[in-house]
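Residue-level structure breakdown
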Amino acid sequence: MIEDELRAAFARHETLTPATGPVRSAIERTAFRRRRRRFRLRLGGTALALVVAALVGVPAMTPDRQQQTATLLVEPGPSTPTGALNVLLLGLDGASPGGTRRADSILLVHIPADRSRLYLVSLPRDLQVPIPGVGTNKLNSSFAYGSMAAKGDLTRGYDLTRRVVTEVTGVPIDAGAVMTYPALRKLTDAVGGVPVCLPQRVRSFHTRRVFPAGCQQLDGAASVDLLRQRVGLADAVQDRDRNAQRYAAGLLRRIGERGVLTDPAMLNTLLTQIGSGLTVKTGETSVLTLLSVAGKAAAAEPVAVGLPVVYTEKPFFGFQLDRAAAPAFLAALREDRLGEWTAAHPDQVTGLR
């Protein structure tokens, strides 16, 4: 009896049931748009990672890599921002015996509002900084503390480092990336090597390879070897940071010569060759916008400069901000006046050629 009543009730209301065809079509359209958006974000992330690597010569990371079609790179993006942009790039060293990883290279790429050129600002990994929840420690350890708090999550390591850098410099970070040395090696080989001009001879502490003074073409293995060197250099880690800037400038020139950023097919090929050594965060700025802005600014020779610091032998034995020079430099960075500051302080600019 109950079953008969239920059937009768369904029959009376059947005419009120909407047609399934339009509903199914709407669901499929929504699902397609979401899949397309996720696909675009994955592609955009790897594209930014390549640009980031081109800007700084340090590795980056992307989560989900698949064979991707580059046509989405030409899709229109949101309106281009008119103000200055800052991109934080972290080069990741190998894990320690305890499994922790620190940021071996830390570079802040400043893109001025006039898009005239890129400014490569190296931040010493041994800079003593306040780390939230930890206290004073070296800047590179902020990545380790962030990632360890989330059981090795590299994104959390980047987030904490970005927070610390923002508090130290006073500038907002619009995007960033983390990259490993294996990814850097693959990228260098994929573009056919990178020209680097050294002011002095460098002998590798790790491989005994000799890098003569002057300009030379480096393959992936040689590039990684050079970027790891600090022992035997006059200014140790600061000279290593300057060599990273020289590598970045050479990589930018190499990518510009090959037209990588204007050739979606070539860009996709390079990304496939690099593999999974990249992860990026773009914040509220779209990837296409960053590609456009960075590409325009990269047309001119970049300017490389280090954060003004002084060495201290107090606990942690690292660097502190130079109280005499750092305030004016940081004010110029925050106010988008690095062109004016570097012109007034040519001795603080790293020679790239």
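Residues numbered from 1 in each chain as written. Predicted model: local features only at pLDDT ≥ 70, side-chain atom pairs only at ≥ 80, totals over all residues. Heavy atoms only, no water.

The protein appears in an unreviewed UniProt entry as Transcriptional attenuator, LytR family from Micromonospora inositola.

Details of the overall build of the protein
If you tally the helices and strands in the protein, you get eleven helices and 15 strands. Relative to its 353 residues, the protein shows a buried fraction of 48%. Considering only contacts in the protein between residues 6 or more positions apart, those separated by 24 or more positions represent 67%. Working note: accessible area of the protein is about 17000 Å², and carbon and sulfur atoms make up 53% of it. (Helix = DSSP H or I, 4+ residues; strand = E, 2+ residues; numbered from the N terminus. Buried < 20%, exposed > 50% of the residue type's maximum accessible area, 1.4 Å probe, protein only. Contact = heavy atoms within 4.5 Å. Areas by Shrake-Rupley, 256 points an atom, 1.4 Å probe, with all protein chains shown as cover.)

Some thoughts on the packing of helix H3 (residues 141-148) against helix H4 (residues 154-169)
The N-to-C vectors of H3 and H4 enclose an angle of 135 degrees; their axes lie 7 Å apart at closest approach. As summarised for this structure, H3 and H4 are arranged oblique, according to the angle between their axes. By crossing handedness, the relation of H3 to H4 is classed as right-handed. Where H3 abuts H4, its residues Ser142, Phe143, Tyr145, Gly146 and Ser147 lie against Leu154, Arg156, Gly157, Tyr158, Leu160, Thr161 and Val164. (Axes fitted to C-alpha atoms, helices over the stretch in contact; angles between N-to-C directions. Parallel < 35°, antiparallel > 145°, perpendicular 65-115°, else oblique. Left-handed = near helix turned anticlockwise from the far one by under 90°.)

Examining the environment of Thr312
By the secondary structure assignment, Thr312 is in strand S13 (residues 309-312). Judged by its relative accessible area of 10%, Thr312 is buried. Measuring from C-alpha to C-alpha, the distance between Thr312 and Leu127 comes to 9.8 Å, with 185 residues separating the pair along the chain. Once residues within four sequence positions are removed from consideration, Thr312 is found in contact with Gln128, Phe317, Gly318, Phe319 and Gln320.

Description of the state of the cysteines
Per the stated rule, a full pass over the model turns up one disulfide. Between the sulfur atoms of Cys197 and its disulfide mate Cys215 the distance is 2.1 Å. Across the S-S bond linking Cys197 and Cys215, the dihedral sits near 105 degrees, which makes this disulfide right-handed. Here Cys197 is found in strand S7 (residues 194-198), whereas its partner Cys215 is found in strand S10 (residues 214-218), with 18 residues between them in sequence. Using a relative accessible area of 60% as the deciding quantity, one classes Cys215 as exposed. (Disulfide = S-S within 2.5 Å.)

A few points about the side chain of Gln216
Here Gln216 is to be found in strand S10. Here Gln216 falls in the buried class, since its relative accessible area comes to 16%. Only 3.0 Å separates the side chain of Gln216 from the backbone oxygen of Gly214, close enough to count as a polar contact. Ignoring any residue separated from it by four or fewer positions in sequence, one finds Gln216 in contact with Val194, Pro195, Val196, Leu198 and Phe211. (Polar contact = N/O pair within 3.5 Å; in protein donor to acceptor, adjacent residues only side chain to side chain.)

Some thoughts on the nonpolar core
Among the nonpolar cores identified, the biggest contains 34 residues, and Leu90, Leu127, Leu139 and Phe329 are the most heavily contacted of them. Listing elements by their share of this core, those giving two or more residues are strand S1 (85-92), strand S2 (103-111), strand S3 (119-122), strand S4 (128-131), H4, strand S12 (303-306), helix H10 (326-334) and helix H11 (338-344). Looking at this core element by element, the count peaks at five residues for H4. If you look at the next biggest cluster of nonpolar residues, it comprises 25 residues, including Met179, Tyr181, Ala183 and Leu218. (Core = buried A, V, L, I, M, F, W, Y, C linked by side-chain atoms within 4.5 Å.)

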